[in-house]
Amino acid sequence: VAPAAASASPTVKGPLAAPSRPSRTPARARTLTIPRVSSPEADTMAQVERGDELGTMDRAVARSRGGPLHVRTPLIISKPMSEVLGRDVYLKLDALQPSGSFKLRGIGYTCQKAIAEGANALVSSSGGNAGLATAYAGQRLGAPTTVVVPETTPEFIRDRLRSLGATVVVHGSQWSEAHAHAVALNDDVRGKLVHPYDDVDTWTGHATVVHEIKTDLEAVGCATPPAAIVTCVGGGGLLAGILQGLDEVGWASRCPVIAAETIGADCLATSVDAGSLQTLPAITSVAKSLGAASPSPRVLKLALSRYGLVRPWRTSDEFAVRACVKMADDHRVLVEPACGAALSAVYGGPNGTCEALDGMEGDGPVVVEVCGGAIVDRGTLAAYAAQFGIE
């Protein structure tokens, strides 16, 4: 599987310029020590008091109602993945967020800011991780929350949303129909319509992941930026947040971002290839959390403006699921195939490790954003594995 627009790529100077494959020298063993605190929530609240790691979040908003809704997540070295790549690989474990995914970083802040500015209700149109993050935020903030989901949303997800206190409304056969209904409902209640990915406040919350990565790498003596950050991409909210965070910490021109997608949910790579916004005719991948038919126009503009530093990469469903199974075996963490797309860049896709990770300069590690995903359990992952003949 080749990187997007590989045939048209100009010569790029910087961390990805060297054409030769790095030597497979053993990865240096580093132990990351996270300070002991009473709870992740306490650690995150301590960030507010210090003013650290919250980027450009409004501090008054962050201090309201008990501090940020997201928690500070561990950054750990992966020895198995480091051995595969021949370079230190760190995992940012956002699968451990209370809502089950990175979404709480940005959506939690968006909801917190909306309530602080006078919204009296929250409305979401996502039956996935964004809806779960909105429901969790609504419960923490004491705000009435409605999540509109399409008919295809599994019953166990509807139950999980209800368990967080959300009112679940089932409408339409696909997300666009559910979203249109959510817009109408929000107009009636004069609340905050929480978009799954296309909101600048959400991006500001997602940017905090880069600030935490920087702090923790410095704590283990890594003074240089990562050689690359690997993330999955759906509509582009997480990518936008990471790019914003790189700007905020001064790494923007020195740290490339590998934007991984599965074939059949590859709206960003397809749009970058074309140089303009493209809409997929259908989502045919099992990675439904990546299931945006087109990326945010603003995120596409960012990706095109940083061509060579934002590198779309495609993998197959099979290798995304293989990466999920490897992650469970190696690190005892369950993740969705959407997250598996990013892990596959290191564990290996149809043509081995991600080509964009070859030839990296400098001593910096690779950091993989383990975005998580609450729409997975042992049975679901086992069913995916069986579908592709993975033992």
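Before reading further, recall that the structure is shown in the block above.
Parameters and conventions
- Residues numbered from 1 in each chain as written.
- Predicted model: local features only at pLDDT ≥ 70, side-chain atom pairs only at ≥ 80, totals over all residues.
- Heavy atoms only, no water.
- Pairing = 2+ DSSP bridges.
- Helix = DSSP H or I, 4+ residues; strand = E, 2+ residues; numbered from the N terminus.
- Axes fitted to C-alpha atoms, helices over the stretch in contact; angles between N-to-C directions.
- Contact = heavy atoms within 4.5 Å.
- Buried < 20%, exposed > 50% of the residue type's maximum accessible area, 1.4 Å probe, protein only.
- Lys, Arg positive; Asp, Glu negative; His and termini not counted.
- Salt bridge = Lys/Arg side-chain N within 4 Å of Asp/Glu carboxyl O.
- Expected span 1.5 Å × (residues − 1).
- Parallel < 35°, antiparallel > 145°, perpendicular 65-115°, else oblique.
- Left-handed = near helix turned anticlockwise from the far one by under 90°.
- Nonpolar A, V, L, I, M, F, W, Y, C, P; charged D, E, K, R; others polar.
- Core = buried A, V, L, I, M, F, W, Y, C linked by side-chain atoms within 4.5 Å.
- Phe/Tyr/Trp six-rings, centres within 6.5 Å; stacked < 30°, edge-to-face > 60°.
- Lys NZ or Arg CZ within 6 Å of the ring centre and 35° of its normal.

Asker: Tell me about the sheet that holds strand 4 (residues 145-149), residues and numbers included.
Answerer: With respect to topology, 4 strands assemble into an open sheet ordered 5-4-3-6, the strand pairing being parallel. Two strands bound the open sheet, and with one partner strand each, they are strand 5 (167-170) and strand 6 (192-194). Strand-to-strand, the axes of this sheet are offset by a mean angle of 20 degrees, without reference to chain direction. Bridging between strand 4 and strand 5 involves 4 bridges; their strand directions are parallel. Each residue of the ladder has a partner; that of T146, found in strand 5, is T167. Its contacts with the sheet put helix 7 (residues 175-189) on strand 3 (122-124), strand 4, strand 5 and strand 6, and the angle it makes with strand 4 is roughly 155 degrees.

Asker: I'd like to hear about the side chain of E336, residue by residue, with values.
Answerer: By secondary structure assignment, the location of E336 is in the loop between helix 13 (317-331) and helix 14 (337-347). Although E336 is buried, it forms no salt bridge, and the closest oppositely charged side chain is R160 at an N-O distance of 7.3 Å. Not counting the four nearest positions on each side in its chain, E336 is found in contact with N129, S289, C324, G372, G373, A374, I375 and V376.

Asker: How would you sum up the sheet that holds strand 2 (residues 89-93)? Please name residues and give values.
Answerer: Ordered in space as 1-2-10-7-8-9, the 6 strands form an open sheet in which the pairing is mixed. A single partner strand is all that each edge strand has here, and the edge strands are strand 1 (75-77) and strand 9 (310-315). In this sheet, neighbouring strand axes are inclined to one another by 25 degrees on average, regardless of whether the strands run parallel or antiparallel. As paired strands, strand 7 (residues 228-232) and strand 10 (residues 366-370) are joined by 3 bridges and run parallel to one another. Its bridge partner lying in strand 10, V230 is registered against V368. Helix 10 (residues 237-249) contacts strand 7, strand 8 (257-262), strand 9 and strand 10 of the sheet and is inclined by roughly 160 degrees relative to strand 7.

Asker: So what's going on with helix 5 (residues 129-141)? Residues and values would help.
Answerer: For helix 5, which comprises 13 residues, the first-to-last C-alpha distance of 18 Å matches the rise-based estimate of 18 Å (1.5 Å per residue) to within 8%. Counted residue by residue, helix 5 has 11 buried out of 13 residues, so it is predominantly covered. Looking at helix 5, one finds that the buried residues are N129, A130, G131, L132, A133, T134, A135, Y136, A137, G138 and L141. As for helix 5, its buried residues are in contact with helix 4 (103-116), strand 3, strand 4, helix 6 (155-163) and strand 6. Looking one or two places after helix 5, you find G142, whose phi comes out positive at around 70 degrees.

Asker: So what's going on with the packing of helix 4 against helix 5? Which residues, and what values?
Answerer: Interaxial distance between helix 4 and helix 5 falls to 9 Å at its minimum, and their mutual angle equals 45 degrees. What the angle tells us is that helix 4 and helix 5 run oblique. For the pair helix 4 and helix 5, the crossing hand works out as right-handed. Counted together, K103, L104, I107, G108, C111, Q112 and I115 of helix 4 and N129, A130, A133, T134, Y136, A137 and L141 of helix 5 form the full contact between these two elements. Here the residues of the contact of helix 4 with helix 5 are counted per class, giving 9 nonpolar, 4 polar and 1 charged.

Asker: Please set out the packing of helix 13 against helix 15 (residues 378-387) residue by residue, giving values where relevant.
Answerer: Where helix 13 meets helix 15, the closest approach of the two axes is 9 Å, and the angle between their N-to-C directions is 130 degrees. By the criterion of interaxial angle, the relationship of helix 13 to helix 15 is oblique. Like other packed secondary-structure pairs, helix 13 and helix 15 cross with a definite hand, here left-handed. Across the interface between the two elements, V321, C324, V325 and A328 of helix 13 pack against L381, Y384 and A385 of helix 15. Looking at the contact of helix 13 with helix 15, its residues break down into 7 nonpolar, no polar and no charged.

Asker: Residue-level account of the nonpolar core, with values.
Answerer: One finds L91, L246, V335, L343, L357, V368 and V370 to be the most contacted residues of the largest nonpolar core, which totals 77 residues. Among the elements that take part in this core, helix 14 stands out by supplying 8 residues, more than any other. If we skip the residues at most four places from it in the chain, L357 touches L85, A228, V230, I258, A345, V346 and V366. Residues I115, L122, L164 and A374 belong to the second largest nonpolar core, which totals 26 residues.

Asker: Describe unusual backbone geometry, listing the residues and the values that go with them.
Answerer: Look at R190: it is not a glycine, yet its phi comes out positive at around 55 degrees. Relative accessible area serves as the criterion here: at 71%, R190 is assigned to the exposed category. With a phi close to 55 degrees, R332 is a non-glycine residue in the positive phi region. Examined against the element boundaries, R332 turns out to sit in the loop between helix 13 and helix 14. On the accessibility criterion, R332 (65% relative accessible area) is exposed.

Asker: Explain the packing of aromatic side chains to me, using residue names and the numbers behind them.
Answerer: Evaluation of the coordinates by the stated rule reveals 0 aromatic pairs. One cation-aromatic arrangement involves R322 over F319; the distance from NZ or CZ to the ring centre is 5.8 Å.

Asker: Could you give an account of helix 4, naming the residues involved and the relevant values?
Answerer: Taking 1.5 Å as the rise per residue, helix 4 with 14 residues should run 20 Å; its terminal C-alpha atoms sit 20 Å apart, in good agreement. The element helix 4 is largely enclosed, with a buried count of 13 among its 14 residues. Two residues or fewer after helix 4 comes G118, characterised by a positive phi angle close to 115 degrees.

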